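An overview of the molecular structure
Residues per chain, in single letters:
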Amino acid sequence: MTEAPNPAHMTPDPTAGLEGVVAATTRLSDVDGRNGILILRGKRIEELAGTMPFESAVQHLWQDLDLAGASSLPQAFGEARRAAFAVVPLLETASRNLTVFERIELGLAALPLTGGRGDAVAISGGLPVLLAASHRIACDALPIAPDSTLETATDLLRMLTGELPPAAHADALNRYLVTILDHGLNASTFAARVIGSTQADLKQAVLGAMGALSGPLHGGAPGPVLDMIDAIGRPENAESWITAALARKERLMGFGHRIYRTRDPRADVLTAGLRLLGPDNPKVRLAEEIEAAALAALKRAKPDRPLDTNVEFYTAVLLDAIGVDRSLFTPLFAAGRTPGWCAHVLEQQQSGKLIRPSSRYVGPTPA
Ligand code: ACO
């Protein structure tokens, strides 16, 4: 074998990241990155988030899929929560070393499912139970059984804390879960569609999507956003902290996006939700100062690349404001996105087509 020069090491690889490649046809959502518009099944995100509970938005997204059968979706999700609680004893006996995210994945693998389309309800409805139980196990607290008569957002907060949440907190969580319900062919949704295209079942596709979501360039960003806000601590530190981070070639978490060249519309939806929680939160004021300093610094550092606030910046601030621990930010993202993943998998499977692209070989040639 002769070692040919590797062009991938010398020139930028135009295929890296599949940027600009259309890899699916969908009726579910559209991301207009130039104009900062997100549409879910014919409605702008601003019409959905903050105006309805999570279940209603899922119903809207799933309207062609007929997944809840004779039940209403809130009722079906309530039943799914009850069914998911049956796997909690397994979560309690699993290794203490698992993260909350990994314990949820374990619970998902153990959910009693049929392998059919109805699993979309069992997984999407049941995941909040796995999330709350995994958090309580991590805190050495006893898991709390679901109340299937409540809405998902209210019951999720109740299962985390043991107390019925203030209505404003449940509203804020509903707003968040709807905001992140679906978002075109993002990395985790693409991963789900690839897995689904092999006719693997929904559980496997959601597990794969969770893996893709967990990275800091995708759904792992909001925890580090809050770490950054805490590390900066005071508005007067923002500029020097951010300048130093950019000088070290670090990425500012919560900024930049593959598709948006404007502010992510979901950031606006979440800031509107923060305003409803009250004007007096000093951390929110600090976050706004940090955002302004970051945008100015990014403009100086990358004048040719529009880098604006993405959904993750205000995800961190909103979830923190309603008392959610930062270890739950990525798991909550998964809970909100799961119905979107399921819808994409079913849509992909309807096409019957395996996703199998080609690669450009740049390795050694045989002698
Ligand atoms: N901070 C500093 N510089 C940045 C940032 C950032 N947040 N984002 C992009 N850049 C820079 C890159 O360093 C790169 O500069 P270079 O050309 O000198 O190397 C240039 O902008 C282009 O960056 P790419 O990585 O090529 O752009 P891409 O579209 O692949 O990146 C991404 C999108 C991964 C989201 C990026 O903006 C990023 O890393 N942001 C921080 C992490 C984050 O917030 N993730 C959540 C995204 S939203 C979501 O997934 C729900």
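Looking at an unreviewed UniProt entry, one finds the protein chain named citrate synthase (unknown stereospecificity), with Roseibium salinum as its source organism. Annotation of the protein chain in UniProt includes, under Sequence similarities (unreviewed entry), the sentence "Belongs to the citrate synthase family." Its UniProt record gives the protein chain the following Pathway (unreviewed entry) comment, quoted word for word: "Carbohydrate metabolism; tricarboxylic acid cycle; isocitrate from oxaloacetate: step 1/2."

On to the overall build of the protein chain, then. What the protein chain contains, in helices and strands, is 17 helices and 3 strands. The C-alpha radius of gyration computed for the protein chain amounts to 21 Å, which stays within 12% of the reference 21 Å derived for 367 residues, consistent with globular compactness. Taken over the C-alpha atoms alone, the protein chain extends approximately 60 × 60 × 45 Å along its principal axes. Out of the 367 residues in the protein chain, the part that is buried amounts to 48%. Long-range pairs, those at least 24 residues apart, make up 76% of the contacts in the protein chain between residues at least 6 apart in sequence. Roughly 17000 Å² of accessible area belongs to the protein chain as shown, and the carbon and sulfur atoms make up 54% of that amount. Distance between charge centres in the protein chain, computed from 35 positive and 40 negative side chains, equals 5 Å.

With that settled, the discussion passes to the environment of Tyr176. Here Tyr176 is to be found in helix α9 (residues 167-179). For Tyr176, a relative accessible area of 0% translates into the label buried. With 124 residues separating them in the primary sequence, Tyr176 and Met52 have C-alpha atoms 11 Å apart. If we skip the residues at most four places from it in the chain, Tyr176 touches Leu270, Thr315, Leu318, Leu319, Phe329, Leu332 and Phe333.

This part is about the packing of aromatic side chains. What describes a pair of aromatic rings is the distance from one ring centre to the other and the angle between the planes of the rings. For the structure shown, the criterion picks out 3 aromatic pairs. Considering the side-chain rings of Trp62 and Phe77, the 6.1 Å spacing of their centres and the 85° angle between planes classify their relative orientation as edge-to-face. Here the residue Trp62 occupies a position in the loop between α3 (54-61) and α4 (73-84), and Phe77 occupies one in helix α4, the gap between them amounting to 15 residues. Measuring from centroid to centroid gives 5.0 Å for Phe313 and Tyr314, while their planes differ by 85°, and the two rings are edge-to-face. Each member of the pair, Phe313 together with Tyr314, is buried.

With that settled, the discussion passes to the nonpolar core. Core analysis: the biggest nonpolar cluster contains 103 residues, and Trp62, Leu173, Tyr176 and Ile242 have the highest contact counts within it. In contact with Trp62, other than residues within four places in its own chain, are Leu67, Leu73, Phe77, Ala120, Val121, Ser124, Pro339 and Ala343.

Neighbouring residues of the ligand: 22 residues in total, closest His218, Leu252, Gly254, Phe255 and Lys302. Between the ligand and Leu252 there is a distance of 2.8 Å, counted from a nitrogen atom to a backbone nitrogen or oxygen. Between Lys302 and the ligand, the recorded distance is 2.5 Å, taken from a side-chain N or O atom to an oxygen atom. Summarising the interface, the protein chains cover 75% of the accessible area of the ligand, which totals 920 Å² for the free molecule. Considered class by class, the residues forming the shell around the ligand number 11 nonpolar, 5 polar and 6 charged.

With that settled, the discussion passes to the packing of α9 against helix α17 (residues 329-351). Two elements in contact, α9 and α17, have axes separated by 8 Å at closest approach and are oriented at 65°. The pairing of α9 with α17 is recorded here as roughly perpendicular in orientation. Regarding α9 and α17, the two cross each other, and that crossing is right-handed. Packed against α9, whose contacting residues are Leu173, Tyr176 and Leu177, the element α17 presents Phe329, Leu332, Phe333 and Gly336 at the interface. Looking at the contact of α9 with α17 residue by residue, the class counts come to 6 nonpolar, 1 polar and no charged.

We now examine the sheet that holds strand β1 (residues 29-32). Pairing within the open sheet is antiparallel, and its 3 strands lie in the order β1-β2-β3. Each having just a single partner strand, β1 and β3 (43-44) make up the two edges of the open sheet. Relative to strand β2 (residues 37-40), β1 is paired through 4 bridges, and the arrangement is antiparallel. By the bridge assignment, Asp30 is partnered in β2 with Ile39.

Mapped onto the elements of the fold, Ser188 is located in helix α10 (residues 187-197). A distance of 3.0 Å separates polar atoms of two side chains, one belonging to Ser188 and the other to Trp341. Those residues in contact with Ser188 that lie beyond four places of it in its chain are Ala209, Ala212, Leu213, His218, Arg337 and Trp341.

About the cut-offs
- Residues numbered from 1 in each chain as written.
- Predicted model: local features only at pLDDT ≥ 70, side-chain atom pairs only at ≥ 80, totals over all residues.
- Heavy atoms only, no water.
- UniProt positions renumbered as here; feature names shortened; annotations may be inferred.
- Helix = DSSP H or I, 4+ residues; strand = E, 2+ residues; numbered from the N terminus.
- Rg over C-alpha atoms; globule rule 2.2 N^0.38 Å.
- Buried < 20%, exposed > 50% of the residue type's maximum accessible area, 1.4 Å probe, protein only.
- Contact = heavy atoms within 4.5 Å.
- Areas by Shrake-Rupley, 256 points an atom, 1.4 Å probe, with all protein chains shown as cover.
- Lys, Arg positive; Asp, Glu negative; His and termini not counted.
- Charge placed at Lys NZ, Arg CZ, Asp CG, Glu CD.
- Phe/Tyr/Trp six-rings, centres within 6.5 Å; stacked < 30°, edge-to-face > 60°.
- Core = buried A, V, L, I, M, F, W, Y, C linked by side-chain atoms within 4.5 Å.
- Near = heavy atom within 4 Å.
- Polar contact = N/O pair within 3.5 Å; in protein donor to acceptor, adjacent residues only side chain to side chain.
- Nonpolar A, V, L, I, M, F, W, Y, C, P; charged D, E, K, R; others polar.
- Axes fitted to C-alpha atoms, helices over the stretch in contact; angles between N-to-C directions.
- Parallel < 35°, antiparallel > 145°, perpendicular 65-115°, else oblique.
- Left-handed = near helix turned anticlockwise from the far one by under 90°.
- Pairing = 2+ DSSP bridges.

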